[in-house]
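# Structure assessment
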Amino acid sequence: MNKQSTTGGTTGRWGLGRFKLLAASLVLAATANAAAPPTEEVNTTGLAVTDDTVTVGILHSITGTMAISEIGSVQAEKLAISQINEAGGVLGRQVEYVQEDGASDWPTFAEKARKLLRQDNVAAIFGAWTSASRKAVLPVIEQYNGMLYYPTFYEGLEQSPNVVYTGQEATQQILASLNWAAEEKGAKTFYLLGSDYIWPRTSNKIARKHIEDMRGLKVVGEEYYPLGHTQFNSVINKIKLRKPDVIFASVVGGSNVAFYKQMKAAGFDFTEEDPLLLTISVTEDEIRGIGGENVEGIYASMKYFQSLDNPNNEEFVAAFKEAYGDDMVIGDVTQAAYLGPWLWKAAVEKAGSFDIDKIREEFAGIEFNKAPEGYVRIHENHHLWSKTRIGQAQSDGQYKVVYETEELMEPDPFPEGYQ
């Protein structure tokens, strides 16, 4: 696949204002390149770095059942790269990218990661979505000493020197949301429902532990279904019989369309909160496919919602819509994907090198004040300090924030007592 530079028309619609910005950015880039450090000093390991460019990889599913969730991540990463280039690039070099399709197939993810690292010699990979795809890619990344920036909220129980996790780990997303349901909504019984792979199963293991052992409450059901599954009538009938206070859902990808439409058809009205549905997997990206009328009233635990009211997010949403269209929406993972290129840039410039061994030493403590979610900081365990928020879905497909933690939550991928 040919490399692409985002200084062309690859990020979407271009208005006059963006052409003026592009002209200005070329001047900035020329100035930056004049002072760029020599390539032999910033690239000692054979990465795809020249005097003028550096090449990175983008690896997501743009086909298959996970495309509904992952296309937004691709768009966000390209937008970040475009903005970085407009501001002069990284160490005076314009960023180019090679994009590959994981095709919602875990062996394909591993194959494409190997191609990006061994054939394209990319300086970083921004990608994966499901934990299954990350687990498939991880041994390849570690074998060839690459660096992966992984954007999805996930189950934790992992820490790699070759990965920066820009989404939340399980304790940040799950524990705060279950506490909210118990304390603010008086929930006592829970039904756990998820897709059948590592993230939902491990997340629900942590959830059950917290519900039963830490809070003394009750789990009344637990079910899993294959990725792409579309027939949920059986579990809907079980939910009706057991009458949980909360349905705790981690169904992913295209299965969400069938699940929520079938819940609606079965008579569930979540605006009445009986039962309350709390999801850790339905972002605005998924609602776009499901339809706002089918999820109105559900709650989601995320660190980011498009509706967040802060200057960073206002700029981000405006830029995203200018690039991809006014009808586009932005979900939690899309925003976390946007952070990846910026955090990579910060680490490279702090290290003064593109070499993986040098930049990994610089991650701890890196701050990003321009994050759309608000201020974030990289922990020494390569996860981010971030807030947890609860949003309630509206009929227009957006979430209304009803709760957020007062402080940033420290990432804890190996929580004592939950393993």
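Residue indices begin from 1 for each chain and proceed along its sequence in written order. For a predicted model such as this one, the threshold for reporting local features is a pLDDT of at least 70, and the threshold for listing and counting side-chain atom pairs is 80 or more; totals across whole chains, interfaces and linings nevertheless cover every residue. The side-chain figures draw on all heavy atoms in the structure; neither hydrogens nor water molecules are used.

Helix and strand counts for the chain come out as 14 helices and 16 strands. Its C-alpha atoms give the chain a radius of gyration of 21 Å, within 12% of the compact-globule value 22 Å for 419 residues. In terms of overall dimensions, the chain has C-alpha extents of about 70 × 45 × 40 Å along its principal axes. Exposure is judged per residue with a 1.4 Å probe applied to protein chains only, and the accessible area is read against the type maximum: over 50% gives exposed, under 20% gives buried, and values in between give partly exposed. In the chain, buried positions account for 62% of the 419 residues. For the chain, the accessible surface area stands at approximately 15400 Å², while carbon and sulfur atoms represent 48% of it. By definition, any uninterrupted DSSP run of H or I lasting at least four residues is a helix, any uninterrupted run of E lasting at least two residues is a strand, and each is numbered from the N terminus. What the globule rule says is 2.2 Å times the number of residues to the power 0.38, and the radius of gyration is computed from C-alpha atoms. Shrake-Rupley sampling with a 1.4 Å probe provides the accessible areas, and residues are treated as covered by the protein chains on show and by no other component.

Next up on the list: the sheet that holds strand 13 (residues 376–378). Strand pairing in a sheet relies on backbone hydrogen bonds, with the paired strands running either antiparallel or parallel. Sheet architecture is open: 3 strands sit in the order 12-13-14, paired in antiparallel fashion. Pairing within the sheet leaves two strands with one partner each, and these edge strands are strand 12 (367–368) and strand 14 (384–385). Two strands pair under a simple rule: DSSP has to find at least two bridges between them.

It is worth spelling out the sheet that holds strand 9 (residues 246–250) at this point. One open sheet accounts for 7 strands, arranged 8-7-9-10-11-15-16; its pairing is mixed. In the strand order of this sheet, the two ends are held by strand 8 (218–225) and strand 16 (399–404), each with one partner. Averaged over neighbouring strand pairs, the angle between their axes works out to 25 degrees when direction is ignored. Relative to strand 10 (residues 276–279), strand 9 runs parallel, the two sharing 4 bridges. In the strand pairing of strand 10, V246 is matched with L276. What makes two residues a contact is simply this: any of their non-hydrogen atoms within 4.5 Å. Axes, fitted as lines to C-alpha atoms, cover a helix only where it is in contact. Angles between the N-to-C directions of the axes lie from 0 to 180 degrees. Against the sheet, helix 6 (residues 170–185) contacts strand 7 (189–195), strand 9, strand 10, strand 11 (299–302), strand 15 (389–393) and strand 16, and its axis sits at roughly 140 degrees relative to strand 11.

Now for the pattern of salt bridges. Here, a salt bridge means any Lys or Arg side-chain nitrogen found within 4 Å of an Asp or Glu carboxyl oxygen. One pass over the full model with this rule turns up 22 salt bridges. The salt bridge involving K238 is made with E223; its shortest N-O contact spans 2.8 Å. Of this pair, K238 sits in helix 8 (residues 233–242) while E223 sits in strand 8; the two residues are 15 residues apart in sequence, bridging distant segments of the chain. Note on E223: relative accessible area 16%, which makes it buried. By sharing partners, the salt bridges in this structure join E100, K112, K115 and D120 into a single network.

The subject of this paragraph is a negative patch on the surface. Taken together, the side chains of E40, E41, D51 and D52 define an acidic patch exposed on the protein surface. Relative to the helices and strands, E41 is located in helix 2 (residues 39–42). In this analysis, a patch consists of residues with relative accessible area above 30% that form no salt bridge, clustered at 9 Å for like charges and at 5 Å for the nonpolar side chains Val, Leu, Ile, Met, Phe, Trp and Tyr. Charge convention: Lys and Arg are scored as positive, Asp and Glu as negative, and His as well as the terminal groups of each chain are ignored. Positions of charges follow a simple convention, taking NZ of Lys, CZ of Arg, CG of Asp or CD of Glu.

Along the polypeptide, A364 turns up in the loop between helix 14 (356–359) and strand 12. Put simply, A364 and R215 are 149 residues apart on the chain and 33 Å apart in space, counted from C-alpha to C-alpha. When near neighbours in sequence (up to four residues on either side) are disregarded, A364 contacts K350, I378, H379 and E380.

A separate point is helix 4 (residues 106–118). The end-to-end C-alpha distance of helix 4 is 18 Å, a good match for the 18 Å that 13 residues give at a rise of 1.5 Å each. For helix 4, the set of buried residues is T108, F109, A110, A113, K115, L116 and L117. Elements in contact with the buried residues of helix 4: strand 2 (53–60), helix 3 (67–86), strand 3 (94–101), strand 4 (125–127) and helix 5 (131–143). In this scheme, a helix's expected span is set at 1.5 Å multiplied by one less than its residue total.

Another aspect to go through is the confidence of the model for the chain. On average, the chain scores 91 in pLDDT, and the residues at 70 or more come to 92%. Note that residues 5–34 has pLDDT below 50 and, in this model, 48 contacts with residues that lie over four places away or in other chains. pLDDT is defined as a per-residue confidence score from the predictor, taking values between 0 and 100.

Turning our eyes to something else, we now look at the nonpolar core. Nonpolar cores are built from buried Ala, Val, Leu, Ile, Met, Phe, Trp, Tyr and Cys residues. Side-chain atoms within 4.5 Å join them into one set. Formed by 77 residues in total, the largest nonpolar core has its most connected members in Y260 and I298. If you look at the next biggest cluster of nonpolar residues, it comprises 50 residues, including A76, I356, A371 and L384.

If you check which residues of helix 9 (residues 255–265) are buried, you get S255, N256, A258, F259, Y260, Q262 and M263. Buried residues belonging to helix 9 abut strand 7, helix 8, strand 9, strand 10, helix 10 (284–290) and helix 11 (292–295). Directly after helix 9, the chain includes G267, whose backbone phi takes a positive value near 100 degrees.

This part takes up the packing of aromatic side chains. Centres within 6.5 Å are what make two rings of Phe, Tyr or Trp a pair, Trp counting through its six-membered ring; a difference in plane orientation under 30 degrees is then read as stacked, over 60 as edge-to-face, and the rest as tilted. Per the counting criterion, the structure on display carries 21 aromatic pairs. With a centroid separation of 5.2 Å and 40 degrees between ring planes, the pair formed by F126 and Y149 is classed as tilted. Taken together, the positions of F126 in strand 4 and Y149 in strand 5 (residues 148–150) put the pair 23 residues apart, joining distant regions of the chain. Exposure class is identical for F126 and Y149. Each is buried. Both rings, one in F153 and one in W199, keep their centres 5.4 Å apart while their planes meet at 40 degrees; by these two values the pair is tilted. In this pair, F153 sits in the loop between strand 5 and strand 6 (163–165) while W199 sits in helix 7 (residues 198–214), placing the two residues 46 residues apart along the sequence. What makes W199 buried here is its relative accessible area of 1%. Through successive ring pairs, a cluster of aromatic residues spans Y304, F316, F320, Y324, Y338, W342 and F368. Lying over the aromatic face of Y150, R134 brings its terminal NZ or CZ to 4.9 Å of the ring centre. Counted as over-ring charges are cases with an Arg CZ or a Lys NZ within 6 Å of the ring centre that also lie within 35 degrees of the ring normal. Lying across the ring of W385, R377 places its NZ or CZ 4.8 Å from the centre.

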